[in-house]
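What the coordinates show
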Amino acid sequence: MIFSAKAIGIGALLSAVPVYAASYSQTKVYDSTNFFEGFNFTSDPDPSGGFVKYMDAETAKSAGMAKISNGAVYLGANYVDKSPNGRPSTRVRSKDVFTTGLFVADIAHMPAGTGKGGSCGIWPAYWTSGPNWPNSGEIDIIEGVNGQKSNAVTLHTAKGCNMDVSGSESTANQTSADCEDSDAGCSQGTTSANNYGAAFNANGGGVYVTEWASLSISVWFFPRGSAAANAVINAGPGDLDVAKFGAPLARFEGNTCDIAERFKSNYIIFNTNFCGGCEYPQNCSGGVSTNFYRGFERIP
């Protein structure tokens, strides 16, 4: 299984105009030349109680679960070891922390099941989270579990935070408006045929763009081969303009929630967890491969 990000970007907001009229310039790139210098491996017990054992950097690299492969950063899981203590896997967290910005991830492949039973037990995620959880917020950009066929975008924070999602694509399905610290958070399910899992992989992946602004958080998905995906991939350091992106896959605007206060100082995290509808996911294999992560930080 591969999570492959050709571009994850962090850049600087050049305009204080609201979300659909903001342009950005690039300030940071994580790619095959520096990814392992920019991320720490987390080998602590899984906080969600998944059936997983995260490896430290040395162990993951020696086992082939963390490497540069075909110009991409590969982060994987061991699909042979059936240890009763959990399946060996990888979880990495950026050394840098971010508050607002535009984050671009060109992903070629993600964890997905290979057997007829679908993706039993797999729980892949690309997300951000801050210290003193949930008070600094959590943004789940890509997340799914078991047989889920399309992505879910979810926010988590402390009590008293409700979101308006009226700016989302018509396919977005709000399962909850309340972002309170709970298993659900405020989540938007999607119905896209190729933004997650096996269908995503069959299409060669695509580009996820996340705008984290002071008043809203938006996530777009552009499938591989689309004009929008190509435009983002080929954009110069100062060429990204969300005004050209159209309606986002999911958009959250603070209703009873001050986003600037609730979401701050987040790390970027990639991991493949295992839990859910089977004791051991025997039909699962995979990993995370990232070619580049570009970042765009807001300029006051």
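Quick caveat: nothing in here was measured; it's all calculated off a predicted structure.

What follows is about unusual backbone geometry. Backbone phi values are negative for most residues with the exception of glycine, while trans is the configuration of most peptide bonds. Residue tryptophan 133 is joined to proline 134 through a cis peptide bond whose omega torsion reads 5 degrees. Considering the arrangement of structural elements, one finds proline 134 in the loop between β11 (122–129) and β12 (138–143). Of note in the backbone geometry, asparagine 132 takes a positive phi value of approximately 55 degrees without being a glycine. Tracing the backbone through its elements, the reader meets asparagine 132 in the loop between β11 and β12. With relative accessibility at 58%, the residue asparagine 132 sits in the exposed group. At serine 265, a residue that is not glycine, the phi angle is positive and equals roughly 50 degrees. Along the chain, the position of serine 265 falls in the loop between α5 (259–262) and β21 (267–274). Residue classification places serine 265 among the partly exposed residues on the basis of a relative accessible area of 30%.

Positionally, glycine 50 belongs in the loop between β3 (39–41) and β4 (52–54). Through-space distance from the C-alpha of glycine 50 to that of threonine 272 is 10.0 Å; in sequence the pair is 222 residues apart. Discounting residues that sit within four places of it in the chain, glycine 50 has contacts with Asn273, Phe274 and Cys275.

Along the chain, glutamine 174 turns up in strand β15 (residues 173–174). Owing to a relative accessible area of 32%, glutamine 174 belongs among the partly exposed residues under this scheme. Separated by 15 residues in sequence, glutamine 174 and glycine 189 place their C-alpha atoms 6.2 Å apart. When residues no more than four places from it in sequence are discounted, the contact partners of glutamine 174 are Met163, Val165, Ser187 and Gln188.

Let's shift gears to the side chain of aspartate 140. The residue aspartate 140 is located in strand β12 in this model. Nearest to the buried, unbridged aspartate 140 among oppositely charged side chains is arginine 91, at 9.3 Å. Side chain to side chain, aspartate 140 and histidine 156 meet in a polar contact 3.3 Å long. When residues no more than four places from it in sequence are discounted, the contact partners of aspartate 140 are Tyr126, Trp127, Ala152, Val153, Thr154 and His156.

Turning next to the sheet that holds strand β8 (residues 91–94). Pairing is antiparallel in the open sheet, where eight strands are placed in the order β3-β8-β21-β11-β12-β13-β16-β15. Looking along the sheet, the strands with just one partner apiece sit at the ends: β3 and β15. Relative to strand β13 (residues 152–156), β12 is paired through three bridges, and the arrangement is antiparallel. Each bridged residue has a counterpart across the sheet, and for glutamate 138 the counterpart in β13 is histidine 156.

All right, on to the pairing of strand β16 (residues 186–189) then. Side chains Cys186 and Gln188 of β16 all project onto a buried face; the interleaved residues Ser187 and Gly189 project onto the opposite face, where all are buried too. In this sheet, β16 lies alongside β13 in antiparallel orientation, the contact comprising four bridges. From the neighbouring strand, threonine 154 faces β16, where its bridge partner is serine 187. Here β15 pairs with β16 via two bridges, running antiparallel. Residue pairing across strands places glutamine 174 opposite glutamine 188, the latter belonging to β16.

With that out of the way, let us pick up the pattern of salt bridges. Any two side chains of opposite charge can pair, so long as their charged atoms come close to each other. A full pass over the atoms with the stated rule returns five salt bridges. We note a salt bridge from arginine 91 to aspartate 46, for which the minimum N-O separation is 3.8 Å. Residue arginine 91 is found in strand β8, and its partner aspartate 46 is found in the loop between β3 and β4; the two are separated by 45 residues along the sequence. Comparing arginine 91 with aspartate 46 shows no difference in burial state: the two are buried. Residues arginine 224 and aspartate 106 are paired through a salt bridge, measuring 2.8 Å at the closest nitrogen-oxygen approach. Residue arginine 224 is located in the loop between β18 (216–223) and α4 (227–233), and its partner aspartate 106 is located in strand β9 (residues 101–107); the two are separated by 118 residues in the primary sequence.

Analysis parameters
Residues numbered from 1 in each chain as written. Predicted model: local features only at pLDDT ≥ 70, side-chain atom pairs only at ≥ 80, totals over all residues. Heavy atoms only, no water. Helix = DSSP H or I, 4+ residues; strand = E, 2+ residues; numbered from the N terminus. Buried < 20%, exposed > 50% of the residue type's maximum accessible area, 1.4 Å probe, protein only. Contact = heavy atoms within 4.5 Å. Lys, Arg positive; Asp, Glu negative; His and termini not counted. Salt bridge = Lys/Arg side-chain N within 4 Å of Asp/Glu carboxyl O. Polar contact = N/O pair within 3.5 Å; in protein donor to acceptor, adjacent residues only side chain to side chain. Pairing = 2+ DSSP bridges.

Just distances and angles here, no functional claims.
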